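Residues per chain, in single letters:
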Amino acid sequence: MSSYAIRRTPGDASWFRHDRFGMFIHWGLYALPARHEWVKTRERMSEADYDRYFERFDPDLYDAREWARQARAAGMRYAVFTSKHHEGFCMWDTRYTDYKCTNTPAGRDLLREYVDAFRAEGLRVGFYYSLLDWHHPDFTIDMHHPRRDDPDAQAQNEGRDMRRYAQYMRDQVTELLTNYGKIDILWFDFSYPDYHGEGDRAWMRGKGAADWEADALITLARRLQPGILIDNRTGIEQDLWTPEQYQPLEWLRHPQTGEYVTWEACQTFSGSWGYHRDETTWKSPEMLIRMLVNTVSLGGNLLMNVGPTARGCFDRRAQDALRVYADWMRLNGRSIYGCTMAEPELLPALPADCRFTQSEDGKRLYLHLFAYPFAHVQLPGLAGKVAYAQFLHDASELRFTEGRVDHFSEGAAQSEGLLVIELPARKPDVLVPVVELFLK
Ligand code: GLC
């Protein structure tokens, strides 16, 4: 059995660790400037500047069912949708602000369409909710805020009251977790308690759990949706550890107890989360697959982001990237779902440029060939342990020998315990071929 002891958390993460692969969706007014979701603060835009997007947000091509179909086809099993990003704009028909999609030319509750469509497609449904809010009049100016460079920034903070803002968040989270049925994930973003201003901006304080009144926020969420998974970004540890824009090289462990934790890497196709027209750092197809495999080989999940356009669709590049996953997952999903890091005693067998995953019942070991080797792949220590081997994508048998490479040449590798799988000379036509080993 390859069942690792994983740190217990308040929510039930077992479905999550089984499903492994989800879609992040960053969609908001920032799709219109199309140059990063932080554009309002990067360019120090005023409310009036930013209103031009509010006035023109008209996603006439939005078809959530089409998004859900593409997510499902890509092998994703859950999704997390930005209900509100740092800009403060709300993608649902909230009662607590006018700054919402129903007051734009969109005129509809976009979040509801997402929920209905993704659920109908059999995917689990999550909400991202930004703790930062660059529109709310009570959210104090800090080092991330668009008004931070205004000469009168400090004066503008007078009268702002984070306690009222914390109440606003509780009211909104109540709506989100009451009016849309069962919600599987609540993804708060993010805390920066140590990010203070310096010099004449020393009064600009970072923000964290106390500012969000995170205890009360989480208690509320758990009362409304008892099984829900919540990330750690309020500054209070909950269910999910969320490394972002980098790939861990080991299964994340709890810093105090050393236990394995439930973790989810979140990644972009191209660097920005919101739709970015001129971004050119799109990941190669190989890299997309490797990132997913790497993650699962270390016991984690991958949340891969799509930034839809302001018309309401995934652009060609995003569709192509999703198709890369679809093609690979259709044939190889078995090495991802319900799989985790291989048992410790199997890890020494791992050849160079390969990754293992293993089914949770321990019966199947998956060898992912990142660089396709010539003729043989050698697995020290696995002789006597494998009953049958095949390529996963086409279930074609792969013959193997034990103890030595079956070749007359002098110097052909041999050693007790060596398992040698014979490979065809040509790499099969899948981005990352997977060898499925049925263990005895
Ligand atoms: C960040 C960014 C943000 C993005 C998020 C996703 O913390 O602020 O724009 O939504 O990461 O993980």
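Above this note sits the structure.
The shown structure was predicted, so the numbers you read here are calculated from the model rather than taken from an experiment. (Residues numbered from 1 in each chain as written. Predicted model: local features only at pLDDT ≥ 70, side-chain atom pairs only at ≥ 80, totals over all residues. Heavy atoms only, no water.)

Visitor: Is there a simple way to think about the side chain of Ser297 in this case?
Guide: If you trace the backbone, Ser297 turns up in helix H10 (residues 285–297). Residue Ser297 is classed as buried on the basis of its relative accessible area of 7%. From its side chain, Ser297 meets the backbone oxygen of Asn294 in a polar contact 2.8 Å long. For Ser297, the contacting residues outside a window of four places in its chain are Met341, Arg355, Phe356 and Thr357. (Helix = DSSP H or I, 4+ residues; strand = E, 2+ residues; numbered from the N terminus. Buried < 20%, exposed > 50% of the residue type's maximum accessible area, 1.4 Å probe, protein only. Polar contact = N/O pair within 3.5 Å; in protein donor to acceptor, adjacent residues only side chain to side chain. Contact = heavy atoms within 4.5 Å.)

Visitor: Teacher, can you tell me more about the sheet that holds strand E10 (residues 364–369) here?
Guide: Hydrogen bonds along the backbone pair up the strands of a sheet, which may run parallel or antiparallel. Pairing within the open sheet is antiparallel, and its 5 strands lie in the order E8-E9-E10-E15-E12. The outermost strands of the open sheet, each flanked by one partner alone, are strand E8 (339–340) and strand E12 (386–391). Sheet analysis places E12 next to strand E15 (residues 434–439), joined by 5 bridges and oriented antiparallel. In the strand pairing of E15, Gln390 is matched with Glu436. H10 contacts E8, strand E9 (354–359) and E10 of the sheet and is inclined by roughly 55° relative to E9. (Pairing = 2+ DSSP bridges. Axes fitted to C-alpha atoms, helices over the stretch in contact; angles between N-to-C directions.)

Visitor: Where do I start with the site of the ligand in this structure?
Guide: Taken together, 14 residues lie near the ligand, and His26, Glu37, His85, His86 and Glu244 sit nearest. Between an oxygen atom of the ligand and a side-chain N or O atom of His26, the distance comes to 2.5 Å. Between the ligand and the protein, one listed contact pairs an oxygen atom with a side-chain N or O atom of Glu37 at 2.6 Å. Relative to its free-state accessible area of 310 Å², the ligand is covered by the protein chains to the extent of 94%. Judged by the proximity of its atoms to the pocket grid, the ligand belongs to the second largest pocket. Counted by class, the shell around the ligand contains 7 nonpolar, 3 polar and 4 charged residues. (Near = heavy atom within 4 Å. Areas by Shrake-Rupley, 256 points an atom, 1.4 Å probe, with all protein chains shown as cover. 1 Å grid on protein atoms, 1.4 Å probe; cavity = no way out; pocket = protein on both sides within 12 Å on 5 of 7 lines; lining within 4 Å. Sits in = over half its atoms within 2 Å of the grid points. Nonpolar A, V, L, I, M, F, W, Y, C, P; charged D, E, K, R; others polar.)

Visitor: Which parts of the structure should I look at to understand the layout of surface pockets?
Guide: Remark: the empty space left among the atoms is shown by a probe the size of a water molecule rolled over them. Put simply, the largest pocket is a space of about 280 Å³. Around the largest pocket, the lining comprises 15 residues; the ones closest to its centre are Leu249, Glu250, Ser297, Leu298 and Met341. Listed by contribution, the elements that provide at least two residues to the lining of the largest pocket are H10 and E9. Each pocket or cavity is described by its volume, and for the second largest pocket that value is around 160 Å³. Looking at the second largest pocket, it is lined by 15 residues, and the ones nearest its centre are Glu37, Trp38, Asp189, Glu244 and Trp273. Class assignment of the residues belonging to the lining of the second largest pocket gives a composition of 7 nonpolar, 4 polar and 4 charged. (Points joined across faces, edges and corners; volume = space filled by probe spheres on them.)

Visitor: I'm lost on helix H11 (residues 316–332) in this one. Help?
Guide: Since one α-helical turn is 3.6 residues long, residues separated by three or four positions face the same way. Counted at 1.5 Å a residue, the expected span for H11 with its 17 residues is 24 Å, and the 24 Å between its end C-alpha atoms agrees. Of the residues making up H11, those classed as buried are Ala318, Ala321, Leu322, Val324, Tyr325, Ala326, Trp328, Met329 and Asn332. Of the surrounding secondary structure, the elements contacted by the buried residues of H11 are strand E1 (21–25), helix H4 (64–73), H10, strand E7 (301–306), E10 and E15. (Expected span 1.5 Å × (residues − 1).)

Visitor: What is the right way to read the packing of helix H7 (residues 162–178) against helix H9 (residues 214–224) from this model?
Guide: How two helices pack is summed up by the angle between their axes together with the distance between the axes. Where H7 meets H9, the axes come as close as 10 Å, and the angle between the chain directions of the two elements is 15°. One finds that H7 runs roughly parallel with respect to H9. Judged by the sense of rotation from one axis to the other, the crossing of H7 with H9 is right-handed. Contacts between H7 and H9 involve Met169, Arg170, Val173, Thr174, Leu177 and Thr178 from the first element and Ala216, Leu217, Leu220, Ala221 and Leu224 from the second. Of the residues assigned to the contact of H7 with H9, the class counts are 8 nonpolar, 2 polar and 1 charged. (Parallel < 35°, antiparallel > 145°, perpendicular 65-115°, else oblique. Left-handed = near helix turned anticlockwise from the far one by under 90°.)

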